[in-house]
Structure formats: C-alpha cells, structure tokens
Amino acid sequence: MTTTQPAPAPSMRLRELAFGAACAAALRAAARLGVADALGDDPMAVEDLAAAVKAEPRPLRRLLRALSCYGVFAEHPDGTFAHTDVSRLLREDDPDSLRAITLWCTEPWTWDVWPKLDEAVRTGHNVVEDLYGKEFFPYLNEDAPESADVFNRAMTTSSVQSARDVAEFLDLSGSASVADIGGGQGHVVASLLDKYPTMHGTLLDLPRVVENAVPRLRAGGDLADRARVVPGDVRTAVPVKADVYVIKNILEWDDESTARTLRNVREAGGPGTRVVVIENLVDDTPSMRFSTAMDLLLLLNVGGAKHTTRSMLDRLTEAGLVIDDISPVNPYLHAFDCHVPG
C-alpha cells in the first residue's frame, strides 16, 4: 500500500533515477491497456480490473503498485486500487487528458534514441538520421505511421489545452485582427475569436497542416466569416497582415530558421505591430523537469532546442523586436510580448 516515505538517501535516489525508464514504461503500459478508463470512481479489485482490460491479475498488480509509488493510482489497505488526480489524466474522456501525450513520449523510436544521448551531446547533432537513414518527420510519416498518428493526436490534445490558457491570458482589447504563425490546426485562433466576437483571425501553416484546420475555421464553420486559413512556410514568407501576431512553440529550429521567421513577421506587420512569442523555457520555470526533458528529446530527434529566457531575448532583439513584457501563461509556457519599432 502507498504510504508517506521520508526522502531517500542520495545513493537510493540515484538508483531510483537510473530506473526512470521503468516508470515511463509503466505509464505507457497502463495507457495502452486502458487501466485508467476501466477504473471508475470507486476502488476496484485487481481481479476485476484485469478482467476489464484483458490482463493477468498478478502482473497487473505489480504494474499498479509500481505506478502508485509515483502517485499514479493508489493502493488501499484491502488491496483494491483507486484513482488519484494524476491517474485520472490517463483517461481518454478526461477533459485534461494526457493519455496521447504519455504515449507520444514513450513511442518505440524514443527507446531507440535515448541510449544515444551521449553521442548527441558530443556532436550537437540529432541521432535519428544515422539510426533511420532519414530526417525525423519523413521517418515518422513514411516508416512509423502508427507513431505519426500518436504524434498528431498528442499535438492536437496539447494544442486544445494550451489554446484555452493562451486565450484566457492574452488581452487583445483594441485589436481588430490576429494571426497565428505556424499555428497548426488553429486552436489558438479559434479560442481568440471566441473571446473577441468582432475580431478577425488568420491561421498560417504548411499546406499539409492547414488541410486539417479545425472545421470551425473552414467554409461552413461558425467562425469562417471571421477567419482565413493560409497555407505557407513561415520560414519563407508571412503573407499575412494583422494587428497582432502570435508565434507559439515553433522557434525551436536552428538559429537561422528562427531569425528568418521573426524577420518575416516583422516585415509583414510593419512598425507598431504587436508580436507575442509563446515558448517553453528550460530555466526558471515550475516545469523544468518537463521542459528540459523535451529539450533533450528535441536534440535527439531533430537537433532542435528549447530556449532559456536569455536565448529567447537575444533572438527577439536580434530580429529587431522590442520586448515589452515577459509573463507566465501557465506552469510550462511563457509569453514574450513585443512590438515592431517605428
């Protein structure tokens, strides 16, 4: 049963950390088995859970016991297991579900690349091209379609959840138009148009991405009369004029691509335009374990990097933007509020 334990000695803490893959694997197993979905509001016996998810009771108990050490599920004195606030997030039907993201972070390719982290640190380059003979996203779409599907579902889930936070955070009073640059399927734009009923919005992203823009923004959707969906590569050009440009979680490429994107936005908007850059940071945030892990995975798969506050400030300043404010949007996102000088 789960009990409160004193902090482990340093030697035991290092042993626990070295077995970190066991925790990730256990989360993946629980997500794939659907344990959280099978477990209702009342505690359940392992035998009943095992029957529901078509697993063997004894190994399922071992899996649940391991996860309960991390606060994922809770074991009761009578041997039954119950949900915790964390385990509920593995449910498919939870409004804040992280099931798809949990699967994405533990996809088969991740177990191939993590052991090569020392190589990536030595060279500064991704390891995917040597492993699979092609860049990461071509590999994903051509050779690992199931993983690509998991990626798409995870990114959609993340976008929907963060779009709510971004829309709640941003004050765009007095602005008539907003453009989401590299905005994926358009969840941020849709949320902002909901918040500001007279505002017009534009979604700009690669053609294959905007083909799947949320139906609300497309012809026949309830926001279509106030929305434009524009296909294009933001690193090449930004053929969109707006009062406010939102750039969220896309400045993780090499410095040259980041500089081109910011320059394109600055030139498209012109003097006085507001530019809001929203990013995960790897320093001075409540979510550093999460953001630094993503940072290392970016190194491994695409050779990219998350930003520190300083590096983000440097990129924005080098691009000719004036930074007016830096504020947390939520525990894992920060907003850099900028403008194009006159």
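The name given to the protein in an unreviewed UniProt entry is Methyltransferase, and the organism recorded there is Streptomyces indiaensis.

Caption draft 1: Region of interest: the pattern of salt bridges. Following the criterion strictly, the structure yields 20 salt bridges and no others. For Asp96, the salt bridge identified is with Arg164, shortest N-O distance 3.0 Å. Here Asp96, found in the loop between β2 (81–82) and α6 (99–104), pairs with Arg164, found in helix α11 (residues 145–169); they are 68 residues apart in sequence, far enough to count as distant. When its relative accessible area of 38% is taken as the criterion, Asp96 is described as partly exposed. Among the salt bridges present, the one from Asp337 reaches Arg274, with a minimum N-O distance of 2.7 Å. With Asp337 in strand β9 (residues 333–339) and Arg274 in strand β7 (residues 274–279), this residue pair connects regions lying 63 residues apart in the sequence. Within the structure, one salt-bridge network assembled from shared partners comprises Lys134, Glu142 and Asp143.

Caption draft 2: Expanded view of the UniProt feature "domain: O-methyltransferase C-terminal" (unreviewed entry) in the protein. Following the UniProt record, one finds the feature "domain: O-methyltransferase C-terminal" (unreviewed entry) at residues 114–320. Segment residues 114–320 splits into 47% helix and 13% strand. End C-alpha atoms: 37 Å apart.

Caption draft 3: The nonpolar core, seen in detail. Counting residues in each nonpolar core, the largest one holds 39 residues, and the members touching the most others are Leu60, Leu64, Phe73, Trp104 and Trp109. Among residues more than four places away in sequence, those in contact with Trp104 are Trp109, Thr110, Phe136, Leu140, Ser147, Val150, Phe151, Ala154 and Met155. In this structure, Val178, Val189, Ala190 and Val276 belong to the second largest nonpolar core, which totals 27 residues.

Caption draft 4: Structural view of α11. With 25 residues, α11 extends 35 Å between its outermost C-alpha atoms, agreeing within 8% with the 36 Å of an ideal straight helix rising 1.5 Å per residue. Residues Ser147, Ala148, Val150, Phe151, Ala154, Gln161, Ser162, Ala163, Val166 and Ala167 constitute the buried set of α11.

Caption draft 5: View of the side chain of Ser87. Along the chain, Ser87 falls in the loop between β2 and α6. The class of Ser87 is buried, set by a relative accessible area of 0%. In terms of polar contacts, Ser87 uses its side chain to reach the side chain of His83, at 2.8 Å. With sequence-adjacent residues up to four places away left out, Ser87 is seen in contact with Ala36, Val72 and Phe73.

Caption draft 6: Just the pairing of strand β3 (residues 177–181), in detail. For β3, a buried count of five out of five residues is recorded, marking the element as mostly surrounded by other parts of the structure. Neither face of β3 is open: one carries Ser177, Ala179 and Ile181, the other Val178 and Asp180, and all of them are buried. The pairing of β3 with strand β4 (residues 200–205) spans five bridges and is parallel. Among the inter-strand pairings, Ile181 is bridged to a residue of β4, identified as Leu204. As a crossover connection, the stretch from β3 through helix α12 (residues 187–195) into β4 is right-handed. Looking at chain direction, β3 and strand β6 (residues 244–248) are connected through four bridges and run parallel.

Caption draft 7: Seen up close, the sheet that holds β9. Pairing within the open sheet is mixed, and its seven strands lie in the order β5-β4-β3-β6-β7-β9-β8. Strands with a single pairing partner mark the edges of an open sheet, and in this sheet they are β5 (227–231) and β8 (322–330). Taken pair by pair, the neighbouring strands of this sheet meet at an average axis angle of 20 degrees, ignoring direction. Along the sheet, α11 makes contact with β6, β7, β8 and β9, crossing β8 at roughly 130 degrees.

Caption draft 8: Main features of the packing of aromatic side chains. In total, this model carries eight aromatic pairs according to the counting rule given. Both rings, one in Trp104 and one in Trp109, keep their centres 5.3 Å apart while their planes meet at 50 degrees; by these two values the pair is tilted. A relative accessible area of 9% means that Trp104 is categorised as buried. Assessed through its relative accessible area of 2%, Trp109 is described here as buried. An aromatic cluster is built from Trp104, Trp109, Phe136, Phe137 and Phe151, whose rings are joined through pairwise contacts.

What counts, and where the lines are drawn
Residues numbered from 1 in each chain as written. Predicted model: local features only at pLDDT ≥ 70, side-chain atom pairs only at ≥ 80, totals over all residues. Heavy atoms only, no water. Salt bridge = Lys/Arg side-chain N within 4 Å of Asp/Glu carboxyl O. Helix = DSSP H or I, 4+ residues; strand = E, 2+ residues; numbered from the N terminus. Buried < 20%, exposed > 50% of the residue type's maximum accessible area, 1.4 Å probe, protein only. UniProt positions renumbered as here; feature names shortened; annotations may be inferred. Core = buried A, V, L, I, M, F, W, Y, C linked by side-chain atoms within 4.5 Å. Contact = heavy atoms within 4.5 Å. Expected span 1.5 Å × (residues − 1). Polar contact = N/O pair within 3.5 Å; in protein donor to acceptor, adjacent residues only side chain to side chain. Pairing = 2+ DSSP bridges. Right-handed = clockwise from strand over helix to strand, strands pointing away. Axes fitted to C-alpha atoms, helices over the stretch in contact; angles between N-to-C directions. Phe/Tyr/Trp six-rings, centres within 6.5 Å; stacked < 30°, edge-to-face > 60°.

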